[in-house]
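Residue-level listing of the chains:
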Amino acid sequence: MQDPRISELAKQLVRYSTKIKKGEKVMLHLSDVPDELGIALIREVRAKKGIPVLRVEHGRLGREMSMGATDEQYGLVAKHQLAEMKDMDAYIAIRGSHNICETSDVPSAKMKTVMKHMRKVMNHRVDQTKWCVLRWPHPAMAQQAGMSTEAFEDFYFDVCLLDYKAMLPAMNALKRLMEKTDHVHIKNKGTDLQFSIKDIPAIVCGGEYNIPDGEVFTAPVKDSVEGVITHNAPTVYQGIPFDNIRLEFKKGKIVKADAGSQTKELNKILDADPGARYIGEFALGFHPGIMEPMRDILFDEKIAGSFHFTPGQAYEDADNGNRSQVHWDMVTIQRKDYGGGEIYFDGKLIRKDGVFLPKSLHGLNF
């Protein structure tokens, strides 16, 4: 018997997140997820008179493709996937992972080749379609979270099916505040960072782009970032786990990067292209149901009382001009149980120990 929450999730993705309309072509991009979910999505798209298009992939096959990546191979793949994406009005991706480190042994040069070509497909998808991306709760994710499979499934559906619409008034208030702000100052253990966000739009993420959701993002003025930041949430990038990343900035550029035993791998990624050492996104996370990191960025970047700072590509709707094949959301949690911290907008304390202080933003507190 199918879990009724699968149908509920499919309905949310099609009717709320992407708001599919009659005649719209919808790419359903599924990787290592149950057929039941794909069937539910196809039926929901058809119920809204849309046209479902299916792409199915598997993690181990993707790894094998990447292991032998060449410009000829991925130039061809990107050419055809870009043509396909240009035909789409909307894109829904659900990505399972039996092993979060599946691509950890793919040589960095091969990953660079893949990303160089596939970035153009991703850019078109992000900038030109209605899109929503989410994970699927495999037992591997439960292990990451330190939970039983059943408990994690309950957590997953609870946080994915949050009433995002109810949070929109406070999210819009944060958007307005950020768009009035010039100078940002962030302080916590190992972090003393300053930058400008003047004249760069702030974007509300209330269940329309990622599920789970719960952030407002913008970008720093590219050359304005000064100081040091230490990220206390673990992360995985290109299948490689990293802990306690520390970055130093001068005139917007990462001039020193440390991650203990993974410092060499960290710098390889940051040397992928010139834009990888500049920041493309700054965001405040506030999902009330996500409290602990689990090395899955779609969850971790929404942690209550967190912010993330992103080396690499900027989004065109909050653009500081930075371009890169890298887009790596690195998370710091500022709640008291993680050592606390402060965020100032134009000298005024806006959030302390993960709690928003202005009354208009209280609806975003955990």
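First, a word on scope: everything that follows refers to the structure included in this document.

Rules of the game
- Residues numbered from 1 in each chain as written.
- Predicted model: local features only at pLDDT ≥ 70, side-chain atom pairs only at ≥ 80, totals over all residues.
- Heavy atoms only, no water.
- Salt bridge = Lys/Arg side-chain N within 4 Å of Asp/Glu carboxyl O.
- Helix = DSSP H or I, 4+ residues; strand = E, 2+ residues; numbered from the N terminus.
- Buried < 20%, exposed > 50% of the residue type's maximum accessible area, 1.4 Å probe, protein only.
- Pairing = 2+ DSSP bridges.
- Contact = heavy atoms within 4.5 Å.
- Axes fitted to C-alpha atoms, helices over the stretch in contact; angles between N-to-C directions.
- Parallel < 35°, antiparallel > 145°, perpendicular 65-115°, else oblique.
- Left-handed = near helix turned anticlockwise from the far one by under 90°.
- Phe/Tyr/Trp six-rings, centres within 6.5 Å; stacked < 30°, edge-to-face > 60°.
- Lys NZ or Arg CZ within 6 Å of the ring centre and 35° of its normal.
- Expected span 1.5 Å × (residues − 1).
- Arc of directions from axis to C-beta.

**A short note on the pattern of salt bridges**
A side chain with one charge may pair with a side chain of the opposite charge, provided their charged atoms come close.
So, step 1. Per the counting criterion, the structure on display carries 21 salt bridges.
So, step 2. A salt bridge links Asp154 to Arg5; its shortest N-O distance comes to 3.0 Å. Note that Asp154 is positioned in helix α7 (residues 149-160) and Arg5 in helix α1 (residues 4-17), a separation of 149 residues in sequence.
So, step 3. Residue classification places Asp154 among the partly exposed residues on the basis of a relative accessible area of 33%.
So, step 4. Note that Asp243 and Arg295 form a salt bridge whose closest N and O atoms lie 2.9 Å from each other. Here Asp243, found in the loop between β12 (240-242) and β13 (246-250), pairs with Arg295, found in the loop between β15 (279-285) and α10 (297-300); they are 52 residues apart in sequence, far enough to count as distant.

**A closer look at the sheet that holds strand β6 (residues 191-196)**
So, step 1. Taken in spatial order, the eight strands line up as β14-β13-β10-β6-β5-β18-β19-β20 in an open sheet, and their pairing is antiparallel. Each edge of the open sheet carries a strand with a single partner, namely β14 (253-258) and β20 (355-356).
So, step 2. Here four bridges tie strand β5 (residues 183-188) to strand β18 (residues 342-345), and the two strands are oriented antiparallel to one another. Paired with Val184 across the strands is Phe345, a residue of β18.
So, step 3. Across the sheet, helix α9 (residues 263-270) lies against β13 and β14, angled at about 160° from β14, the strand it touches most.

**Focus: the packing of α1 against α7**
So, step 1. Between α1 and α7, whose axes approach to 11 Å, the crossing angle comes to 30°. Taken as axis vectors, α1 and α7 run roughly parallel relative to one another. Once α1 is placed against α7, the crossing between them reads as left-handed. Packed against α1, whose contacting residues are Arg5, Ile6, Leu9 and Gln12, the element α7 presents Glu153, Asp154, Tyr156, Phe157 and Cys160 at the interface.

**Points about the sheet that holds β15**
So, step 1. Judged by pairing direction, the sheet is antiparallel, and its five strands sit side by side in the order β7-β9-β15-β16-β17 without closing on themselves. Looking at which strands have only one partner, the edges of the open sheet turn out to be β7 (203-205) and β17 (330-333). Geometrically, the sheet is characterised by an average inter-axis angle of 20° between neighbouring strands, direction not taken into account.
So, step 2. Pairing geometry for β7 and strand β9 (residues 215-218), over three bridges, is antiparallel. The residue bridging Val204 from the neighbouring strand is Val216, located in β9.
So, step 3. Against the sheet, helix α8 (residues 168-180) engages β7, β9 and β15, with an angle of about 20° to β9.

**Digging into the packing of aromatic side chains**
To describe a pair of aromatic rings, one takes the distance between the centres and the angle between the planes.
So, step 1. On inspection of all chains with the given rule, the structure shows 17 aromatic pairs.
So, step 2. A ring pair is formed by Phe249 and Phe309, whose centres lie 5.9 Å apart and whose planes are at 75°; its orientation type is edge-to-face. Of this pair, Phe249 sits in strand β13 while Phe309 sits in strand β16 (residues 306-311); the two residues are 60 residues apart in sequence, bridging distant segments of the chain. Exposure class is identical for Phe249 and Phe309. Each is buried.
So, step 3. Through pairs of rings, three or more aromatic residues link up here, namely Trp136, Phe152, Phe155, Tyr156, Phe157 and Phe299.
So, step 4. It is Arg125 that lies over the ring of Trp131; its NZ or CZ is 4.9 Å from the centre.
So, step 5. Here the guanidinium or amino end of Arg335 rests over the ring plane of Phe366, the centre of that ring lying 6.0 Å away.

**Notes on the environment of His327**
So, step 1. Residue position: His327 is located in the loop between β16 and β17.
So, step 2. With a relative accessible area of 15%, His327 lands in the buried category.
So, step 3. As for His327 and Leu168, which are separated by 159 residues in sequence, their C-alpha atoms are 26 Å apart.
So, step 4. For His327, the residues in contact, after removing those within four places along its chain, are Arg119, Tyr237, Glu281, Thr310, Pro311, Gln313 and Tyr315.

**Topic: the environment of Lys79**
So, step 1. On the secondary structure map, Lys79 appears in helix α4 (residues 71-86).
So, step 2. C-alpha separation for the pair Lys79 and Lys120, spaced 41 residues apart in sequence, amounts to 9.2 Å.

**Let's talk about α4**
So, step 1. For α4, which comprises 16 residues, the first-to-last C-alpha distance of 22 Å matches the rise-based estimate of 22 Å (1.5 Å per residue) to within 8%.
So, step 2. Every buried residue of α4 is listed here: Tyr74, Val77, Ala78, Gln81, Leu82 and Met85. Viewed along the axis of α4, the buried residues span an arc of 125°, placing them on a single side of the element. Exposed residues pointing more than 90 degrees away from the buried face of α4 are listed as Glu72, Lys79 and Lys86.
So, step 3. The inward-facing, buried residues of α4 abut β2 (51-57), α3 (59-67), β3 (90-95) and α5 (108-128).

**Focus: the environment of Asp71**
So, step 1. One can find Asp71 in helix α4.
So, step 2. Accessibility expressed as a relative area gives 41% for Asp71, which makes it partly exposed.
So, step 3. Asp71 has contacts with Thr113, Lys116 and His117, leaving out every residue within four places of it along the chain.

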